Amino acid sequence: MSIQHHPDDALLSAFAGGTLDSGQHVAIATHLLACARCRNFVRTMERVGGSLLTDVPPAPMSSNAFAAVEARLGEAPPSRPVTPSLPEGETEIPGLPKFVRRYRFGRWNWVAPSVHVRPIELPEPGQTRVFLLRSGPGTRLLQHSHTGVEMTCVLAGGFSQEQGHYGPGDFDLGDESIDHHPVVDADGDCICLVAMQGELRLAGLLGRLMQPFVRL
Amino acid sequence: MIQPGRRIVILVMQQALLCLDLPRRTSFASPMPKAPRAPQRLARMQPGKREPAEAPHWEVLIRAIAADQDRDAFARLFAYFAPRVKAFMQRSGVPADAAEELAQETMINVWRKAALFDAGTAGAAAWIFTIARNLRIDAYRRTQRGIDATAAEFEFELETDDAMQPDAAMIAKQDQTRVRAALDQLSAEQLRVVELSFFEQQAHADIAAALGIPLGTVKSRLRLAMNRLRDLLDGQS
């Protein structure tokens, strides 16, 4: 199954340049794990970074800088912090980068009929919330848009919306201008990793009636 | 690689790294607190005076560190790269003192990680760039968590994710020489825009003001430059 929907080049460059916030970083990394093509574009942008690094007019280091560094070469590298992994007995979630598995995961919460979310706690505060979204077969998610940017990467199963079908590894970016109207595939649950800023806005009368009850 | 059905190009272009210019700047957070920018901070890169980007000796020096803990090799790498990493940090908005510390920390990581360097995967400069970038991300995240920004307890994770390694078949297509060649094919203005936005993480609106050109021109130049690099990756250039 090949990946049809990718982050665009500017977003991949932002990843390579290290300028995404940590939640968005997680979403792009999740896509990259599945997508060799985007991974290689990120590598290329890192080479662009390397070229620019060699071109930048140097800023003189302090006079004792080398001595200070040399004195530390024998030091043992800092030990890695112990970070939690998925609680024992949890179902393994496919398609998550290793470093995400070390984050703290909340519980699955019901948000709407046959829709559950599971928050992922990032190590530092940021603008972006990250969570897993699990939707039952055939779920027709209410048409919605966003007050901020929403990145979605499919981990398992699939859904369809106006732009086509999305399967494992596929990436979707939504913002205020996009009305999503996704329908989950009939043959199984769909699990996505979502990095969301702002709030969800449900469209239509039903959506407005539902809004107070959708806990997202 | 324009995707069929991709419909978000314009908004993404307005918001992604390269464009932090809208009122909703928080959409894509700029990782480093920005120092006040004086116009002269837009000082030119030196395209005319480029060292060969991937002069083989950098890679040889890194291997010498890995194999023999060669301090002379390290000293030569330090002399060349430390001041450039410091400049990179400062251009990203990091104050001079912190930039100095991050540059030192970058070089210490070069020493420690030399054995992990794979010349087939990344050129020396790209490799050092990623170390510096990751330390900058770490430093920013630590400041967000209120932890001393000089503590080195937190290591950027993605590097260690085996699955993040590129596919061997693609590597040959993206060697540093070709990336360099593509950069050299950009017009001076395009190159400037790429440098400013990618490397210095400067808002596009700031770039437009600094260069005295309309915002739309910044974006179109950037897009052209990105297309060129994408062509390079796809082997069409």
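**Observations regarding the pairing of strand β9 (residues 171–174) of chain A**
Residue and element names in this part refer to chain A. Here β9 shows a buried face lined by F171 and L173 and a second buried face lined by D172 and G174. Judged from the four bridges that link them, strand β6 (residues 150–156) and β9 form a sheet pairing that is antiparallel. Considered in β9, the bridge of T152 is made with D172.

**Some remarks on unusual backbone geometry**
Unusually for a residue other than glycine, S114 of chain A sits at a positive phi of about 60 degrees. Secondary-structure assignment places S114 of chain A in the loop between β2 (109–112) and β3 (115–121).

**Overview of helix α4 (residues 96–113) of chain B**
With 18 residues, α4 of chain B extends 25 Å between its outermost C-alpha atoms, agreeing within 8% with the 26 Å of an ideal straight helix rising 1.5 Å per residue. Burial analysis of α4 of chain B places 13 of its 18 residues in the buried class, the great majority of the element.

**What to know about the nonpolar core**
Core analysis: the largest hydrophobic core is formed by 53 residues, its most contacted members being I28, M151 and L193 of chain A. With six residues, helix α3 (residues 36–55) of chain A is the largest single contributor of residues to this core. Not counting residues up to four positions away in its chain, the partners in contact with I28 of chain A are P7, L11, L12, F15, L20, M151 and F171 of chain A. In this structure, L53 of chain A together with A73, L77 and F78 of chain B belong to the second largest nonpolar core, which totals 41 residues.

**Considering the packing of helix α1 (residues 9–17) of chain A against helix α5 (residues 124–144) of chain B**
Contact geometry for α1 of chain A and α5 of chain B: axes closest at 9 Å, N-to-C directions at 85 degrees. As judged from the angle between their axes, α1 of chain A and α5 of chain B are roughly perpendicular. The segment α1 of chain A lies against α5 of chain B, with F15, A16 and G17 of chain A engaging F129, R133 and R136 of chain B.

**A look at the packing of aromatic side chains**
The final tally for this structure, using the stated rule, is ten aromatic pairs over all chains. Here F159 of chain A and Y166 of chain A contribute two aromatic rings whose centre-to-centre distance is 4.9 Å and whose plane-to-plane angle is 5 degrees, an arrangement assigned as stacked. For Y166 of chain A, a relative accessible area of 1% puts it in the buried group. Cluster of aromatic residues (ring-pair linked, three or more members): F66 of chain A together with F74, F78 and W111 of chain B. Cation over ring: R134 of chain A sits above W108 of chain A, and NZ or CZ is 4.6 Å from the ring centre. The ring of Y80 of chain B has R84 of chain B lying over it, and the distance from NZ or CZ to the ring centre is 3.8 Å.

The rules behind the values
Residues numbered from 1 in each chain as written. Chains lettered and ligands numbered in written order. Predicted model: local features only at pLDDT ≥ 70, side-chain atom pairs only at ≥ 80, totals over all residues. Heavy atoms only, no water. Buried < 20%, exposed > 50% of the residue type's maximum accessible area, 1.4 Å probe, protein only. Helix = DSSP H or I, 4+ residues; strand = E, 2+ residues; numbered from the N terminus. Pairing = 2+ DSSP bridges. Expected span 1.5 Å × (residues − 1). Core = buried A, V, L, I, M, F, W, Y, C linked by side-chain atoms within 4.5 Å. Contact = heavy atoms within 4.5 Å. Axes fitted to C-alpha atoms, helices over the stretch in contact; angles between N-to-C directions. Parallel < 35°, antiparallel > 145°, perpendicular 65-115°, else oblique. Phe/Tyr/Trp six-rings, centres within 6.5 Å; stacked < 30°, edge-to-face > 60°. Lys NZ or Arg CZ within 6 Å of the ring centre and 35° of its normal.

As far as function goes, none of this settles anything; it's purely spatial.
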